[in-house]
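Chain residues, written in single-letter form:
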Amino acid sequence: MPITRQEFESGVESPSQEYANKILAFLASHLDEAFTLEEVQIGIGASLTFADEANRALSALNVLLERGLIAARIVGGIRYYAYALTSEGLRVAGLLEAIDALNRVSRKLAELC
């Protein structure tokens, strides 16, 4: 079965890509904090009761880790995830901020029209 170009380029299936985008945005908006898997799920509005959502979130976290966009560390026997303060992570954070600013401008323009 064919996959989308985005799936091909990212190496992630669409449902996991959606989770990856949400997770990246969530962690980028909390640069001074680290979160457990469950806390990340809550932060992106994913259900804690469905195993497939936990699997998608974990898959997305692993892809983000491989790309160096987030970091993981075990503290007190618990695995935490945080936004990677690397050059690649900061580059993506800048892009996320730019996209957010464009969205705000777009909404403001829509209000005026």
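Below you will find a few notes about this structure. It should be emphasised that the depicted structure is a prediction, and the values quoted were computed from it without experimental measurement.

What counts, and where the lines are drawn
- Residues numbered from 1 in each chain as written.
- Predicted model: local features only at pLDDT ≥ 70, side-chain atom pairs only at ≥ 80, totals over all residues.
- Heavy atoms only, no water.
- Phe/Tyr/Trp six-rings, centres within 6.5 Å; stacked < 30°, edge-to-face > 60°.
- Buried < 20%, exposed > 50% of the residue type's maximum accessible area, 1.4 Å probe, protein only.
- Core = buried A, V, L, I, M, F, W, Y, C linked by side-chain atoms within 4.5 Å.
- Helix = DSSP H or I, 4+ residues; strand = E, 2+ residues; numbered from the N terminus.
- Contact = heavy atoms within 4.5 Å.
- Patch = residues over 30% accessible without salt bridge, like charges linked within 9 Å, V, L, I, M, F, W, Y side chains within 5 Å.
- Areas by Shrake-Rupley, 256 points an atom, 1.4 Å probe, with all protein chains shown as cover.
- Salt bridge = Lys/Arg side-chain N within 4 Å of Asp/Glu carboxyl O.

1. With respect to the packing of aromatic side chains
Okay, so step 1: A complete count under the given rule lists one aromatic pair for this structure.
Okay, so step 2: Ring centres of F26 and F35 lie 4.7 Å apart, and the angle between their planes is 55°; this geometry places the pair in the tilted category. Each member of the pair F26 and F35 is classed as buried.

2. Re the nonpolar core
Okay, so step 1: Ranked by size, the top nonpolar core spans 20 residues in total, and within it I23, L27, L64 and I70 carry the most contacts.
Okay, so step 2: In terms of residue count, the dominant contributor to this core is helix α2 (residues 14-28) (seven residues).
Okay, so step 3: Once residues within four sequence positions are removed from consideration, L64 is found in contact with A20, I23, L24, L69 and I70.

3. Concerning a nonpolar patch on the surface
Okay, so step 1: Judged by side-chain polarity, V105, L109 and L112 come together as a nonpolar surface patch covering roughly 320 Å² of accessible area.
Okay, so step 2: Along the chain, V105 turns up in helix α5 (residues 87-112).

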